[in-house]
Amino acid sequence: MFYQETIAAIATSSKNGSISILRISGEEACRTVSRIFYNGKGERIDLCSCKTHTIHYGFIKNRQNELLDEVLVLLMRAPRSYTAEDVVEIHCHGGFLIAQTILEELVREGARIAEPGEFTKRAFLNGRLDLSQAEAVMDVIQAESQLTLKNSLTQLRGDVREKINTLREMILEDTAFLEAALDDPEHIPLNDFPETMREHTRILRREVEHLLENSRNGRRIKEGIRTAIVGKPNVGKSSFLNCILRENRAIVTDIPGTTRDTLEEEMLIGSTLLHMIDTAGLRNTGDAIEKIGMDKTREAIRGADLILCILDTSMPLTQEDRDVLGEIEGLPVIFVLNKSDLDPAWGERELMDTLLSGAQFEEREILSFSARTGAGLPELEACIKSLMFRDKVSFNDDIYITNARQKQALADAAESLRQLEQSIEEGVPEDLYSIDLYNAYESLGKIVGETVEDDIIDKIFRDFCMGK
Ligand code: GDP
């Protein structure tokens, strides 16, 4: 570990809460806090002589000996701390002003205010976290659904690092053999090497491609399943949305960057995050301006991961239902047969024989539902999960990379491996293999942060919040 200045920041949210936590990290952490930390008798508490992982009760005072707050101080010595440096946490009363005043005192005693993400950056630079774990820290904080959270926690545990390191190890072994054989062809023959190499590369490429394939699920986990709700007027689309909101204490966030004409919202069905695409523009009209809106809506529908097509079972199916169907053919669709609490005018059999006869979909499920009573909601969630994640999201054995930077590195590695396979097939001389091997090794290294340039690291941590 190399010397770094001692840094301090308020780690809790700036809104008023019952406690606030200040975090101090670095070689001088104990000494800095000890200068302002007193026991009930007015004597300084010397944290430098205290045992690690202990909690101390006392008072923070300023240089004028004025009482600032009654606090608890936690001491975690290097390397068993978040940053792997000496870390002291001061738990003071809630209220931003108190924490801010204590922070100012710490700065007066020599600490520097931490930059956003600097604690986590130090954890990374000190080797306690790899880059995929550091990025997972932010994902954990920002997680909006249980699925996202679970996935980020697996990454935080180091599963991505373990997987990537295994793959890099395989590449390294082949590279080492290749270099040795090229150096000493008499003793290490390359006879069957191209064939072996081809097999190894194929295995590696499949592994990397599997991770890439999973990262599609990763996006759905993290950003929500892009979902469009379609149906003719009065089938219960608004009631359906309200039902989800009512039953799930769902969060609804305005997504930044969306304009008024494409209103988008996020909501939860159970543990699954849906990113709702507004389809209000989908109306049959002769109006030119509305037509533009319709084209936009159509485009959005085509880009959706999932279509929920609402049908009203209490009324006969009509041409309007057929028109809606025309917009969603070929896509993954769940037909929600709404108003199951009323007497049905038709059933699944009739639906199959009429509206759906001959229609093709990427996926197709049919479910009974009532927006009035909420009946069918658990089944709907299960259906969405199995359709969108193909039951693969167990989080016990598989890795879902959600981070765009990591995904790009995977794609680059896959490309290098594909090129290597091609070179082998074309009988390119062995000494040229090492370039692609090296590129794949480097690309994978970017995921865990072993081969990332400093400015990229700075950029990654800048996006963190203060005190993390
Ligand atoms: P939209 O035009 O597709 O958004 O339809 P609405 O959500 O406005 O619903 C149209 C009408 O159907 C309203 O009067 C709702 O109360 C009613 N409705 C919606 N869903 C149900 C349901 O599941 N059961 C019953 N009985 N009525 C429903």
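Residues numbered from 1 in each chain as written. Predicted model: local features only at pLDDT ≥ 70, side-chain atom pairs only at ≥ 80, totals over all residues. Heavy atoms only, no water.

Visitor: It is not clear to me how the pattern of salt bridges should be interpreted in this structure. Could you clarify?
Guide: Close approach of charged atoms allows side chains with opposite charge to pair. Under the counting rule described, the total for this entry stands at 31 salt bridges. Between Arg35 and Glu109 there is a salt bridge, and its shortest N-O distance comes to 3.1 Å. Within this pair, whereas Arg35 is found in the loop between helix H1 (29-34) and strand S3 (37-38), its partner Glu109 is found in the loop between helix H2 (96-108) and strand S7 (112-113), the two being separated by 74 residues in sequence. You can call Arg35 partly exposed: its relative accessible area is 30%. When the shortest N-O distance is used, the salt bridge between Lys121 and Asp458 registers 2.7 Å. Of this pair, Lys121 sits in helix H3 (residues 118-125) while Asp458 sits in helix H15 (residues 454-462), placing them 337 residues apart in sequence. (Salt bridge = Lys/Arg side-chain N within 4 Å of Asp/Glu carboxyl O. Helix = DSSP H or I, 4+ residues; strand = E, 2+ residues; numbered from the N terminus. Buried < 20%, exposed > 50% of the residue type's maximum accessible area, 1.4 Å probe, protein only.)

Visitor: I keep staring at the sheet that holds S3 and nothing clicks. Help me out?
Guide: Pairing between sheet strands relies on hydrogen bonds along the backbone, with the strands arranged either parallel or antiparallel. Taking strand neighbours across the sheet as the criterion, the seven strands line up as S3-S4-S5-S6-S2-S1-S7 in an open arrangement whose pairing is mixed. Pairing within the sheet leaves two strands with one partner each, and these edge strands are S3 and S7. Alignment of strand S5 (residues 67-76) against strand S6 (residues 87-93), held across five bridges, turns out to be antiparallel. The residue of S6 that forms the bridge with Leu75 is Val88. (Pairing = 2+ DSSP bridges.)

Visitor: Please clarify how a negative patch on the surface should be interpreted in this entry.
Guide: Together, Glu179, Asp183, Asp184 and Glu186 make up a region of like negative charge exposed at the surface. Turning to its location among the elements, Asp184 is positioned in the loop between helix H6 (159-183) and helix H7 (193-223). (Patch = residues over 30% accessible without salt bridge, like charges linked within 9 Å, V, L, I, M, F, W, Y side chains within 5 Å. Areas by Shrake-Rupley, 256 points an atom, 1.4 Å probe, with all protein chains shown as cover. Lys, Arg positive; Asp, Glu negative; His and termini not counted. Charge placed at Lys NZ, Arg CZ, Asp CG, Glu CD.)

Visitor: Would you mind going over a nonpolar patch on the surface with me for this structure?
Guide: A contiguous nonpolar patch, built from Ile55, Tyr57 and Leu72 and spanning about 320 Å² of accessible area, is present on the exposed surface. Inspection of the secondary structure assignment puts Leu72 in strand S5.

Visitor: I would appreciate a short explanation of unusual backbone geometry in the present structure.
Guide: Leaving glycine aside, a negative phi is the common case for residues, and trans is the common case for peptide bonds. For the bond running from Ala78 to Pro79, omega is 0 degrees, close enough to zero to count as cis. Mapped onto the fold, Pro79 is located in the loop between S5 and S6. Phi angles above zero are rare outside glycine, and Ala84 is one such case at about 70 degrees. Among the secondary structure elements, Ala84 is positioned in the loop between S5 and S6.

Visitor: What's the story with the environment of Ile55 in this structure? I'm lost.
Guide: By the element assignment, Ile55 lies in strand S4 (residues 54-61). Classification of Ile55 as exposed rests on a relative accessible area of 59%. The contacts of Ile55, once residues within four sequence positions are left out, are Leu72, Val73 and Leu74. (Contact = heavy atoms within 4.5 Å.)

Visitor: Honestly, the nonpolar core in this entry has me stumped. Any pointers?
Guide: In terms of nonpolar packing, the biggest core is built from 28 residues, with Phe240, Ile334, Leu380 and Ile384 touching the most fellow members. Of all elements in the fold, only strand S8 (225-230), helix H8 (237-248), strand S10 (264-269), strand S11 (272-277), strand S12 (306-312), strand S13 (332-338) and helix H12 (377-389) reach the threshold of two or more residues within this core. If near-sequence neighbours (up to four positions away) are discounted, Phe240 is found in contact with Ile229, Leu308, Ile310, Val336, Phe369, Ala371 and Leu380. Judged by nonpolar contacts, the second largest core, of 27 residues, contains Val160, Phe193, Met197 and Val208. (Core = buried A, V, L, I, M, F, W, Y, C linked by side-chain atoms within 4.5 Å.)

Visitor: How should the site of the ligand be read in this particular structure?
Guide: The immediate surroundings of the ligand are formed by 15 residues, with Asn234, Lys237, Ser238, Ser239 and Asp341 found nearest. Here an oxygen atom of the ligand sits 3.0 Å away from a polar atom, N or O, in the main chain of Gly236. Here a nitrogen atom of the ligand and a side-chain polar atom of Asp341 are 2.7 Å apart. For the ligand, the protein covers 74% of the area, taking 580 Å² as the surface of the free molecule. At three residues, the largest contribution of residues to the shell around the ligand is made by H8. A class-by-class count of the residues in the shell around the ligand yields four nonpolar, six polar and five charged. (Near = heavy atom within 4 Å. Polar contact = N/O pair within 3.5 Å; in protein donor to acceptor, adjacent residues only side chain to side chain. Nonpolar A, V, L, I, M, F, W, Y, C, P; charged D, E, K, R; others polar.)

Visitor: Please clarify how helix H13 (residues 404-425) should be interpreted in this entry.
Guide: Every α-helix carries 3.6 residues per turn, so stepping three or four residues along brings you back to the same face. End to end, H13 covers 32 Å across 22 residues, agreeing with the expected 32 Å (1.5 Å per residue, within 8%). Along H13, the positions that sit buried rather than exposed are Gln406, Ala409, Leu410, Ala413, Ala414, Ser416, Leu417, Leu420, Glu421, Ser423 and Ile424. As for H13, its buried residues are in contact with helix H4 (131-142), helix H5 (146-157), H6, H7 and helix H14 (433-448). Of the residues one or two after H13, Gly427 is the one with positive phi, at around 70 degrees. (Expected span 1.5 Å × (residues − 1).)

From the geometry alone we can't say anything about function, so treat these as descriptive.
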